[in-house]
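# Notes for the structure review
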Amino acid sequence: MTDFAIELNGICKRFGAVQANRDVSMNIAKGSIHGIIGENGAGKSTLMSILYGYYQADSGSIAVDGKTVRIRNSQEAIRLGIGMVHQHFMLVDNFTVLENIVLGAEGGLLLKQGLAKAREHLQALNRDYSLEVDPDAIVGELGVGLQQRVEILKALYRGADVLILDEPTAVLTPQEADHLFCILRALREQGKTVILITHKLREVMDITDAVSVMRAGTVVGNVRTADVDKEKLADLMVGRKVTLKVDKAERAPGAAVLDVRQLCLTDARGVKLLDDLNFQVRAGEIVGIAGVSGNGQSELLEVLAGMLEPTSGEIRYQGTDLLQEKSTQPRAALYRRKGIAHVPEDRSREGLVKSFPMFENAILGYHDDKSVSKGGLYSRQALLARTRDFIRQFDIRPDNAQLRVGLLSGGNQQKVVLAREIHANPDLLLIGQPTRGVDIGAIEFIHKRLVELRDAGKAILLVSVELEEILALSDRILVMAGGQISGEVAAREADTVSLGLLMGGHKQ
Amino acid sequence: MEQLFSLLDSTIRVATPLVLAALAGMFSERSGVVDIGLEGKMLVAAFAAAAAAFVTHSPWLGLLAGIMASVSLAMVHAFVSVTYNGNQLISGMAINTIASGITPVLGLAWFQQGGNTPQLDDDSRFHDISLPFADALSNVPLVGHVYSKLLSGHSILVYLTILIIPVVSWVVYRSRFGLRLRAVGENPHAADTAGVSVARVRYIALFWGGVLCGMAGTFLSVYQTGSFIKEMTAGKGFLALAALIFGKWRPLPAVLGCLLFAFADALQIRLEGVDLPVVGQIPSQAIQVIPYVLTVLLLAGFVGRAVAPKAIGVPFVKSR
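The structure displayed is predicted, hence computed values, not measured ones.

## Topic: the UniProt feature "transmembrane region" (unreviewed entry) in chain B
Residues and elements named next belong to chain B.
- The UniProt entry lists residues 12-28, 40-57, 63-82, 89-111, 156-173, 203-222 and 289-308 under the feature "transmembrane region" (unreviewed entry), expressed in the numbering used here.
- When the span residues 12-28 is considered, its composition is 100% helix and 0% strand, and the gap between its end C-alpha atoms is 24 Å.
- When the span residues 156-173 is considered, its composition is 100% helix and 0% strand, and the gap between its end C-alpha atoms is 26 Å.

What follows is the structure, given as structure tokens:
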């Protein structure tokens, strides 16, 4: 007998030129919640995929309950009592909860007995862990929080003793996340082992007993949570000191640059995506829009950038209503020319052409800029020079202006978009998910640039699902829920609890 | 009354191969594999069945040959689209092309009758069967009429098909295989992580699709015409596919769609050369177009939004 549920010893895994895991060792105690924290690409997911049987390690060994095992596929992992809750749920939308749970473990050729047995078992699990899932609900009609619980049930139904959760809170409201943590604590009390993969320091501090920090494929620390603090973990994670808070001075904002009045957007099915929005963004301030994704923030950005036509309302920019402007060119181009820059939420689909080199991406949307083009032809020299400027100013790596953008990391791609939009010297910057899929070093850099821009008197509208980011950057915070603004808070007075309530749709 | 009964009687005859093919399509499409090769599989089965029945003088061996021919094409389709993640439309199209090419070539080489097979003698064909007491009951009004005129007097293949319909429906909704089949067609990644082999389920689905197509083809040559005729499927595979979509990929509504198309077809045969009141005699071309116009109208208007299995046409590649 051993006290460890899982022991990983010297795991190595290489994909082509990339060493995803290098000599990774960690012991995960039985009946504990063990955090694995690291930046994007630190090798957390690869390691867990090896444990769950998706990949075979090149070398190293895995022991479950003290016995060395080989896990060749996920069925073997399940048989060893390992369950996984994926970041993207693995559920069949048009099946009921019950059908999803028995799938692959039906217990016989006929469904009837299997389903009856599963229903009983499910009710017991529901009771033990207060999961509150209706077995006959259609999964596609459930909210993400409940879908996640269905995933947990699926693993428990298969007799999982070790539960791996991959970034489980990425899609949850703070309340849902709290509920999830209650469930995880209940699991621990029942003697289950939980492995929590995350990049959120707060979660690790809140709930884990021990934590393994990964950086660039290796484990840089195995510590007890009680022995460390946030700053120490962040330090381990990125390998140098980072300030979690963005330094920014108080600043009195100027005149309103953007004034949105009664803005509405209704889709073809009659659903109100934007419902009577009224707000201003003033020069020299960052207005953050918080909310769980899918509550109208994306549509708001697209409407303001001219990519979507609103159903009604006014968008007053520097005093005139943009929607009344007549123009032969597309709205997005018109707005851009007027000084509204847009860093779209999904940079790889809307901000960049991945198969183009960096220098061609550097003028996307600004093709008629006279300094690089003449009579419809652009000057390659001028363009390359500009791109090299971007590379220098934004520390884009690798520093090769002719490299295909798709080959850059997420953070560097984002820097290319940001450099391009800031270069246009906009009066209003619309920016969506500025640091999604961006590593911590680049996050810090991007945040600094945004604050600089604000201090230079620009108006910035920031949409992000990362509350910490909204809190760190914004001067004022608007919360969106169900297409409406459910509340406004000054950044100084905001805390995650009040914001979380607003995000859940509780009106002020 | 007599007229109506004979109309419904021929509806059943025309519907049988459509139903079999539609159910075949349902298996493969519910598993996430597009099956436009129904037509080709039926054609090859019709040829193989007729040829085997002619040589062996046994309709049952003909049926076996038809099924084997159709299943082997289905396995080619599975190999291309499941094992090699190929384009399922191209694979299906290739099956249709191969089928319409290889059948007359082999027919010409083996039987020298312009690509057709020789007419089968009575022993080598499936025959109409009288159900017990059909004669005795034929004078009982309605019930007796329905029994003796409509239900009795069909081929064994028709009765098999009538049995197969509830069995298929039961398999899809009540069995372990059915659950996995539907899961694999909707979200193969979910099925995979739940420990279901996506490839295995798709192979099995395509196999049963092959079997059913084989029966459909055999029905055409060894029962209906008594010989293989070039291109004798004449779009029936696609009609079955249309019925499947009409039924939103559910077995019973798909069968209903087949009956509807078959009724239109039977009606067309009946109307040919008949003087109708007011309009007089309708040109035969206009009548022949009825089933096809009906197809277009039904698919465009009445079905509403047909929600296909979500993963249809998408090869399954493990995401990690």
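The discussion continues.
## Concerning the environment of Lys-44 of chain A
Residue and element names in this part refer to chain A.
- Position of Lys-44 relative to the elements: it lies in helix H1 (residues 44-51).
- Here the alpha-carbon distance between Lys-44 and Ser-212, two residues 168 residues apart in the chain, equals 9.8 Å.
- For Lys-44, the contacting residues outside a window of four places in its chain are Ile-36, Gly-38, Ile-197 and Met-214.

## Digging into the pairing of strand S6 (residues 82-85) of chain A
Residues and elements named next belong to chain A.
- Burial of the side chains of S6 extends over both faces: Ile-82 and Met-84 are buried on one face and Gly-83 and Val-85 on the other.
- When S6 meets strand S7 (residues 162-166), the two strands line up parallel, connected through four bridges. Bridge pairing in S7 links Ile-82 to Val-162.

## Overview of the sheet that holds strand S8 (residues 193-198) of chain A
Residues and elements named next belong to chain A.
- An order of S6-S7-S8-S3-S9-S10 is seen for the six strands of this open sheet, with the pairing classed as mixed. The outermost strands of the open sheet, each flanked by one partner alone, are S6 and strand S10 (218-224). Mean inter-strand twist for the sheet, computed between neighbouring axes without regard to direction, equals 20 degrees.
- Taken together, the five bridges between strand S3 (residues 33-38) and strand S9 (residues 210-215) define a ladder with parallel strand orientation. In the sheet register, Ile-36 faces S9, and the bridge partner there is Ser-212.
- Contacts from H1 reach S3, S6, S7, S8 and S9, with the element oriented near 150 degrees to S7.
- Helix-sheet contacts for helix H5 (residues 144-157) involve S6 and S7, and the interaxial angle to S6 is about 170 degrees.

## Some words on unusual backbone geometry
- With an omega of -5 degrees, the peptide bond running from Arg-397 of chain A to Pro-398 of chain A counts as cis.
- With respect to the secondary-structure elements, Pro-398 of chain A resides in the loop between helix H13 (380-394) and helix H14 (410-423).
- Phi is positive for Asp-23 of chain A, close to 50 degrees, though the residue is something other than glycine.
- Located in the positive-phi region is Glu-231 of chain B, a residue other than glycine, with phi close to 55 degrees.
- Within the secondary structure layout, Glu-231 of chain B lies in the loop between helix H10 (198-225) and helix H11 (236-246).

## A short note on the packing of helix H1 (residues 2-30) of chain B against H11 of chain B
Residue and element names in this part refer to chain B.
- For the pair H1 and H11, the least separation of the axes is 8 Å and the interaxial angle reads 60 degrees. In the packing of H1 onto H11, the handedness of the crossing is right-handed. From H1, Pro-17, Leu-18, Ala-21, Ala-22, Gly-25, Met-26 and Glu-29 reach across to H11, where they touch Lys-236, Gly-237, Leu-239, Ala-240, Leu-241, Ala-243 and Leu-244.
- Residue composition of the contact of H1 with H11, grouped by class: 10 nonpolar, two polar and two charged.

## Thoughts on the interface of chain B and chain A
- Across the boundary between the two partners, chain B contributes 16 residues, which contact 22 residues of chain A.
- Going through the elements one at a time, helix H8 (176-186) and helix H9 (188-193) of chain B are the ones with two or more residues in the side of chain B that touches chain A.
- Considering every element that reaches the side of chain B that touches chain A, the biggest residue donor is H8 of chain B, with five residues.
- Taken together, the residues of the side of chain B that touches chain A break down into six nonpolar, five polar and five charged.

## Structural notes on the packing of H14 of chain A against helix H15 (residues 440-455) of chain A
Residues and elements named next belong to chain A.
- Between H14 and H15, whose axes approach to 10 Å, the crossing angle comes to 15 degrees. The pairing of H14 with H15 is recorded here as roughly parallel in orientation. Viewed along their axes, H14 and H15 form a crossing whose handedness is left-handed. Contact residues: H14 offers Gly-411, Gln-414, Lys-415, Leu-418 and Ile-422, while H15 offers Ala-442, Ile-446, Arg-449 and Leu-453.
- Broken down by class, the residue content of the contact of H14 with H15 amounts to five nonpolar, two polar and two charged.

Basis of the calculations
Residues numbered from 1 in each chain as written. Chains lettered and ligands numbered in written order. Predicted model: local features only at pLDDT ≥ 70, side-chain atom pairs only at ≥ 80, totals over all residues. UniProt positions renumbered as here; feature names shortened; annotations may be inferred. Helix = DSSP H or I, 4+ residues; strand = E, 2+ residues; numbered from the N terminus. Contact = placed C-beta atoms within 7 Å. Buried ≥ 20, exposed ≤ 12 C-beta atoms within 10 Å, placed from the backbone. Pairing = 2+ DSSP bridges. Axes fitted to C-alpha atoms, helices over the stretch in contact; angles between N-to-C directions. Left-handed = near helix turned anticlockwise from the far one by under 90°. Nonpolar A, V, L, I, M, F, W, Y, C, P; charged D, E, K, R; others polar. Parallel < 35°, antiparallel > 145°, perpendicular 65-115°, else oblique.

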